[in-house]
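Structural characterization, general
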Amino acid sequence: MVSTPGAVLRYMTRDRLLSPADLRYLVVDEADSLMDSHSFGGQTSAVLDLVRRANQTQGRREQAVFVSATLPKMVREHVIGRYPDIVHVATSALHRAPKKLAQTFIDVSRDYQGHRLNALWFVLRTAANDRHLMVFCNTKAHANLVHRQLFRRGVPALLLLGGDPQSAEKHRGAKNKDAGRAVAARRPPKDADAWERATWSSNVSDEQPQSLEQTEDSVAEPINGVDIADLDAPVPRYDREEVLRAFYSDQPVPEHLLPSINCAVERPLLEPLVQQRYPRKIMVCTDLASRGLDTTCVSHVVLFDFPTTAIDYLHRSGRTARAGTRGKVSALVGKKDRRLADQIRLAIRQGGVI
């Protein structure tokens, strides 16, 4: 059974559909996130505790495997504290950038007078041969802004964000002019997709820890050269599976996955550009897209917002140059990002641990 920690915990404690005594073997993928106390750590630890107690009553011990591309010290100590006799298996590439990954750091303040969107536009224009690109932002507001700004310039990009079923329902209600439709407190909406049905619970989503949502939903900083109204534009919620299918496809981006530009002058000018076949796919996203996706087709990752930690940098840049292929990362660096960017750049230059 493949599941998320919130769903497993719910099936064990509330719905009683799964007995901890039936579990002997557990694999914790993305262990750096699932064992992080600021993310899913509380849910994962609760599941492990239930399984351990159930197995101890039967005079046996469960076997657990923790898998991760990165392993922060705090998470490592947490795992060792729970399983002191754990066996460590690691490659020499742990916390190091792939050898076939070309990494470029662009000083936005110095080279583009702080105009981050102009820097992004330059990167995209010089990456004409890249068929699949991912543009990472730190917040949903910035991702939505980039999505809208690219569309205004005639580039039909895709937008992939996290979100709970309630916010998705509100978005669908607004688009269908049926926002007043009530939703049962303890059951998902009738038109919920498979993901929403699997992660639904009343009031708060079990699968999306509040800290992660707060990070994505935090107030975005103003961006030079952008109307504040565009930054505050409502954030849409597209079906994630449909967005990914469109990203992998060689067909044009479906129009219903493009932003709604409420401008009578701009819209007619953009429609011919949207309808024509576009030779590459660009997906604007947040950190939720830095894990667990098949991105072997991605040849270029752009960090519109510089990540706040080296671990996040590794996960974002790890979306390309996978399975022995070549890839590129273009990181836009602002004044407040320079210290971390310089540390990462030095580690790359010396071939050390990032």
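Structural data are supplied above this passage.
Residues numbered from 1 in each chain as written. Predicted model: local features only at pLDDT ≥ 70, side-chain atom pairs only at ≥ 80, totals over all residues. Heavy atoms only, no water.

Listing the buried residues of helix H12 (residues 240-248) in full gives Arg 240, Val 243, Leu 244, Ala 246 and Phe 247. Each buried residue of H12 sits inside an arc of 160 degrees when the element is viewed along its axis, so together they form one side. At the N-terminal boundary of H12, the capping side chain belongs to Asp 239, with an oxygen 3.2 Å from the backbone nitrogen of Glu 241. (Buried < 20%, exposed > 50% of the residue type's maximum accessible area, 1.4 Å probe, protein only. Helix = DSSP H or I, 4+ residues; strand = E, 2+ residues; numbered from the N terminus. Arc of directions from axis to C-beta. Polar contact = N/O pair within 3.5 Å; in protein donor to acceptor, adjacent residues only side chain to side chain.)

It is possible for side chains bearing opposite charge to pair when their charged atoms get close. Per the stated rule, a full pass over the model turns up 13 salt bridges. In this structure, the salt-bridge partner of Arg 338 is Asp 107, at a minimum N-O distance of 3.2 Å. Here the residue Arg 338 occupies a position in helix H15 (residues 338-350), and Asp 107 occupies one in strand S3 (residues 101-107), the gap between them amounting to 231 residues. Taking relative accessible area as the criterion, Asp 107 reaches 12% and is therefore assigned buried. The shortest N-O distance in the salt bridge between Lys 328 and Asp 130 comes to 3.0 Å. (Salt bridge = Lys/Arg side-chain N within 4 Å of Asp/Glu carboxyl O.)

Judged by side-chain polarity, Val 27, Val 65 and Val 67 come together as a nonpolar surface patch covering roughly 240 Å² of accessible area. Relative to the helices and strands, Val 67 resides in the loop between strand S2 (63-66) and helix H4 (73-82). (Patch = residues over 30% accessible without salt bridge, like charges linked within 9 Å, V, L, I, M, F, W, Y side chains within 5 Å. Areas by Shrake-Rupley, 256 points an atom, 1.4 Å probe, with all protein chains shown as cover.)

Here the focus is empty space enclosed by the protein. Taken as a whole and judged by the stated rule, the model has two cavities of 30 Å³ or more. Considering only enclosed or pocket space, the largest cavity measures out at about 60 Å³ in volume. Lining the largest cavity are Leu 117, Leu 120, Trp 121, Val 146, Gln 149, Leu 150 and Arg 153. For the lining of the largest cavity, the residue count by class is five nonpolar, one polar and one charged. Estimated volume of the second largest cavity: approximately 50 Å³. The wall of the second largest cavity is formed by Leu 159, Leu 160, Leu 161, Pro 236, Arg 237, Tyr 238 and Arg 240. Residues of the lining of the second largest cavity, tallied by class, amount to five nonpolar, no polar and two charged. (1 Å grid on protein atoms, 1.4 Å probe; cavity = no way out; pocket = protein on both sides within 12 Å on 5 of 7 lines; lining within 4 Å. Points joined across faces, edges and corners; volume = space filled by probe spheres on them. Nonpolar A, V, L, I, M, F, W, Y, C, P; charged D, E, K, R; others polar.)

This paragraph deals with unusual backbone geometry. Not every positive phi belongs to a glycine, and Arg 16 is a case in point at roughly 55 degrees. The residue Arg 16 is located in the loop between helix H1 (5-13) and strand S1 (25-28) in this model.

If you check helix H7 (residues 140-152), its first and last C-alpha atoms are 18 Å apart, about what 13 residues at 1.5 Å a residue would give, namely 18 Å. Of all the 13 residues making up H7, 12 are buried; the element is thus mostly covered by neighbouring parts of the structure. Phi turns positive, to about 85 degrees, at Gly 154, one or two residues after H7. (Expected span 1.5 Å × (residues − 1).)

Our focus in this paragraph is the nonpolar core. One recurring pattern in soluble globular proteins is that nonpolar side chains are buried together. Among the nonpolar cores identified, the biggest contains 62 residues, and Leu 120, Val 146, Val 284 and Phe 306 are the most heavily contacted of them. Leave out the neighbours within four places in its chain, and Val 146 touches Leu 117, Leu 120, Val 135, Cys 137, Val 284 and Phe 304. Listed in part, the 17 residues of the second largest apolar core include Met 12, Leu 26, Leu 48 and Val 79. (Core = buried A, V, L, I, M, F, W, Y, C linked by side-chain atoms within 4.5 Å. Contact = heavy atoms within 4.5 Å.)

This part takes up the side chain of Asn 144. Along the chain, Asn 144 falls in helix H7. The residues touching Asn 144, leaving out its near neighbours within four places in the chain, are Leu 159, Ala 233, Pro 234, Val 235 and Pro 236.

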